[in-house]
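# An overview of the molecular structure
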Amino acid sequence: MASNVSELTTYKAYLQGEWKKSSSDETIAIQSPYLRKTIGYVQAVTQDEVDEAIKAAHKAQKSWAELSLSERGAYLDKWADELVNNSEDIATAIMQEVGKGFKDAKKEVVRTADLIRYTVQEALHMHGESLKGDGFPGGDQKKIGIVERAPLGVVLAISPFNYPVNLAASKVAPALMAGNGVIFKPATQGSISGIKMIQALDKTGLPKGLLSLTTGRGSVIGDYLVEHKGIDMISFTGGSGTGRHLSKQTAMIPLVLELGGKDPALVAEDADMDVAVKSIMNGAFSYSGQRCTAIKRVLVNEKVADELVARLKSEIEKLTVGSPEEDSTIVPLIDDKSADFVQGLIDDALNKKATLVTGNKRQDNLIYPTLLDQVTEDMDVAWIEPFGPVLPVIRVKSDEEAIELANRSEFGLQASIFSQDIDRALEVARQVEAGTVQINGRTERGPDHFPFLGVKASGMGVQGIHHSLLSMSRERVTVLNLK
Ligand code: NAP
Ligand code: G3H
């Protein structure tokens with residue numbers, strides 16, 4: 001692992017299978033959140049270059065879709081191998097660019113290789129179906145429907161900063177295995193990691209033009225990409241505001257949105273406190289809470305609230321705070337604006353008389369882990385996603401009150417329920433409006449073959465390997481009308 005960034009690289013964009021400087025002659029400086037200096041430059045690609053990339057992807061996609069699944073899979077398996085072979089370098093880029101602890105960054109790369117390999121295997125084992133006409137009243141045995149899966153064309157993959165490799169590959173891999181061309185637009189803060197990931201893919205000899213990497217600010221090329229007539233499907237992960245914007249910009253193409261969350265931990269009075277404390281700590285504070293699935297509020301029965309708050313305080317004060325190079329749990333947030341936002345939520349809560357249990361310390365964009373008790377409904381931190389290390393505790397009198405507060409949120413990504421009574425936990429789980437409810441465990445996306453989805457402002461459509469393959473392909477029905 002090295003944090004030597006003295007020689008700054010200007011990274012090229014990957015357009016039509018070539019690494020190129022943009023004709024815009026403009027680059028974007030990438031700032032490291034913890035080194036607090038520029039670590040490299042990426043190209044600001046132009047709209048004309050986007051046009052060319054999409055055209056090339058359509059052309060290459062036709063022959064790609066003709067390859068057998070095993071042939072496509074062989075490219076992806078090599079890609080997974082390349083990622084593992086280059087995991088130190090890619091993890092260093094992730095660490096420097098988005099401030100993720102080195103060990104976690106390395107895990108992200110290995111997890112991505114596993115995800116790619118599983119995607120290959122899943123695609124190889126998915127099969128269509130055949131139907132006979134006589135299954136419907138008046139139907140005929142001689143009418144046989146063959147249902148296969150066909151690619152959609154060119155998929156636009158847009159990823160967020162916090163998993164710049166894993167959440168990009170979780171779109172690119174199924175898109176390719178399903179027989180599509182791909183335009184990959186990484187988060188600007190995350191572009192260098194995305195470029196390194198695509199360098200690994202390029203080494204496999206992927207057909208030229210099939211995939212292009214268009215770096216550039218979402219606010220500048222984002223709308224152009226999203227509204228482009230040559231895009232046949234969009235897989236987006238990012239904030240709910242951006243997702244809402246995208247859903248207005250697109251028309252008549254499939255759209256999968258994985259968005260923000262305000263995941264609650266509902267702690268009943270009969271919870272196993274060891275399990276609840278461990279899961280909440282891990283769920284809320286890893287990578288400084290910059291996970292869509294982080295636990296972002298605690299709804300605890302008042303009978304055990306004092307105990308839970310005291311134990312959380314004690315654990316929070318043991319968290320390591322500092323540099324991702326030292327694998328600290330609490331690291332500087334992605335930028336100063338994000339830290340200001342989190343600080344604003346803390347200030348608002350304290351002004352409205354929340355109890356500061358621990359934290360509320362800050363150095364630039366490093367926000368110390370903060371626990372707020374006696375949080376009430378009039379406080380922004382009760383409802384808004386901070387994407388930072390602040391955890392509000394709301395005390396409730398009953399399961400019904402906890403469920404009502406959980407569901408009053410605009411979000412519905414995940415929730416955790418802690419109770420030793422499995423019937424009770426299941427009953428609460430059935431009533432909580434969320435894509436996934438965890439019983440006696442932390443909120444999290446993985447394992448990556450599980451369906452992953454948000455409801456309400458947390459998303460639309462489903463990811464997870466099997467479902468991503470489905471969403472990036474369509475049914476093709478051929479009917480045999482036999483004599
Ligand atoms: P973001 O600001 O919404 O950005 C996400 C992506 O959208 C980036 O690539 C961004 O590019 C791009 N973008 C911005 N404006 C666009 C436009 N007009 N058209 C097309 N693309 C556009 O989100 P973020 O700050 O990177 O990530 C944090 C958020 O993502 C949090 O809310 C988190 O909860 C959510 N998230 C959700 C999941 C999930 O699976 N549910 C997973 C991870 C994160 P630029 O970077 O160039 O602006
Ligand atoms: O940030 C959102 C990611 O989808 C969360 O993934 O639960 O594996 O950290 P994770």
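One can find the structure itself at the top, above this paragraph.
This text gives an overview of the structure that appears in the document. (Residues numbered from 1 in each chain as written. Chains lettered and ligands numbered in written order. Predicted model: local features only at pLDDT ≥ 70, side-chain atom pairs only at ≥ 80, totals over all residues. Heavy atoms only, no water.)

### Structural notes on the overall build of the protein chain
- For the protein chain, the helix and strand inventory stands at 14 helices and 25 strands.
- Rg of the C-alpha trace for the protein chain: 24 Å, near the compact-globule value of 23 Å for 483 residues, within the 12% margin.
- Across its three principal directions, the C-alpha atoms of the protein chain cover 75 × 70 × 40 Å.
- Evaluated residue by residue, the protein chain yields a buried proportion of 56% over its 483 residues.
- Excluding contacts between residues fewer than 6 apart, the proportion of contacts in the protein chain whose partners are at least 24 apart in sequence is 71%.
- Total accessible area computed for the protein chain in this model is approximately 19,900 Å², and 50% of it derives from carbon and sulfur atoms.
- Charge-centre separation for the protein chain: the mean point of 54 positive side chains lies 4 Å from the mean point of 65 negative side chains. (Helix = DSSP H or I, 4+ residues; strand = E, 2+ residues; numbered from the N terminus. Rg over C-alpha atoms; globule rule 2.2 N^0.38 Å. Buried < 20%, exposed > 50% of the residue type's maximum accessible area, 1.4 Å probe, protein only. Contact = heavy atoms within 4.5 Å. Areas by Shrake-Rupley, 256 points an atom, 1.4 Å probe, with all protein chains shown as cover. Lys, Arg positive; Asp, Glu negative; His and termini not counted. Charge placed at Lys NZ, Arg CZ, Asp CG, Glu CD.)

### Here's the deal with the site of ligand 1
- Within the structure, ligand 1 sits among 31 residues, and Thr188, Gly218, Thr242, Leu259 and Glu385 are positioned closest to it.
- Take Leu259: an N or O atom from its main chain is 2.6 Å from a nitrogen atom of ligand 1.
- Between ligand 1 and Glu385 there is a distance of 2.6 Å, counted from an oxygen atom to a side-chain nitrogen or oxygen.
- For ligand 1, whose accessible area on its own is 910 Å², the fraction buried by protein is 85%.
- Looking at which element gives the most residues to the shell around ligand 1, the answer is helix 7 (residues 218-227), with four residues.
- Partitioning the shell around ligand 1 into residue classes produces 14 nonpolar, 12 polar and five charged.
- Shared between two domains, the shell around ligand 1 holds at least three residues of each, these being domain 1 (10-259 + 461-478) and domain 2 (264-447). (Near = heavy atom within 4 Å. Polar contact = N/O pair within 3.5 Å; in protein donor to acceptor, adjacent residues only side chain to side chain. Nonpolar A, V, L, I, M, F, W, Y, C, P; charged D, E, K, R; others polar. Domains from an automatic or database assignment.)

### Here's the deal with the environment of Ser419
- As for its placement among the helices and strands, Ser419 is situated in the loop between strand 21 (414-418) and helix 13 (422-431).
- Residue classification places Ser419 among the buried residues on the basis of a relative accessible area of 2%.
- Sequence separation between Ser419 and Thr188 is 231 residues, and the spatial gap between their C-alpha atoms is 41 Å.
- Polar side-chain contacts of Ser419 include one of 3.0 Å to the backbone nitrogen of Asp421.

### Here's the deal with the site of ligand 2
- The environment of ligand 2 is formed by Arg111, Asn162, Tyr163, Arg291, Cys292, Thr293, Glu444 and Arg445.
- The contact in question runs from an oxygen atom of ligand 2 to an N or O atom on the side chain of Tyr163, over 2.4 Å.
- Here Thr293 contributes a side-chain N or O atom positioned 2.7 Å from an oxygen atom of ligand 2.
- Surface burial for ligand 2 is 97%, taken as the share of its 310 Å² of free accessible area covered by protein chains.
- For the shell around ligand 2, the class distribution of residues is two nonpolar, two polar and four charged.
- In terms of domain composition, the shell around ligand 2 takes at least three residues from each of domain 1 (10-259 + 461-478) and domain 2 (264-447).

### Structural notes on the packing of helix 2 (residues 69-85) against helix 4 (residues 102-125)
- Relative to each other, helix 2 and helix 4 sit at 170 degrees, their axes nearing to 9 Å. Between helix 2 and helix 4, the angle is such that the two are roughly antiparallel. Contact residues: Leu69, Ser70, Gly73, Leu76, Asp77, Trp79, Ala80, Asp81, Leu83 and Val84 in helix 2; Val109, Thr112, Ala113, Ile116, Arg117, Val120, Ala123 and Leu124 in helix 4.
- Within the contact of helix 2 with helix 4, the residues separate by chemical class into 12 nonpolar, three polar and three charged. (Axes fitted to C-alpha atoms, helices over the stretch in contact; angles between N-to-C directions. Parallel < 35°, antiparallel > 145°, perpendicular 65-115°, else oblique.)

### Points about unusual backbone geometry
- The amide bond that connects Gly446 to the next residue, Pro447, takes the cis arrangement and shows omega of -5 degrees.
- With respect to the helices and strands, the residue Pro447 is situated in the loop between strand 22 (436-439) and strand 23 (455-456).
- In this structure, Lys456 is a non-glycine residue whose phi angle is positive, near 50 degrees.

### Some words on the pattern of salt bridges
- Counted according to the given criterion, the structure contains 32 salt bridges.
- With its nearest N and O atoms 2.9 Å apart, the salt bridge here joins Asp336 to Arg36. Of the two residues, Asp336 is situated in helix 11 (residues 336-351) and Arg36 in the loop between strand 4 (27-31) and strand 5 (38-43); the sequence distance between them amounts to 300 residues.
- Between Lys296 and Glu385 there is a salt bridge; the shortest N-O distance is 2.7 Å. Of this pair, Lys296 sits in strand 14 (residues 295-301) while Glu385 sits in the loop between strand 18 (370-373) and strand 19 (390-396), and the two are 89 residues apart along the sequence. (Salt bridge = Lys/Arg side-chain N within 4 Å of Asp/Glu carboxyl O.)

### What about the side chain of Ser473?
- You can see Ser473 is positioned in strand 25 (residues 473-481).
- Within the structure, the side chain of Ser473 is placed 2.7 Å from the side chain of Arg149, a separation counted as a polar contact.
- A distance of 2.7 Å separates the side chain of Ser473 from the backbone oxygen of Leu469, its partner in a polar contact.
- Residues in contact with Ser473, not counting those within four places in the same chain, are Arg149, Ala150, Leu152 and Ala178.

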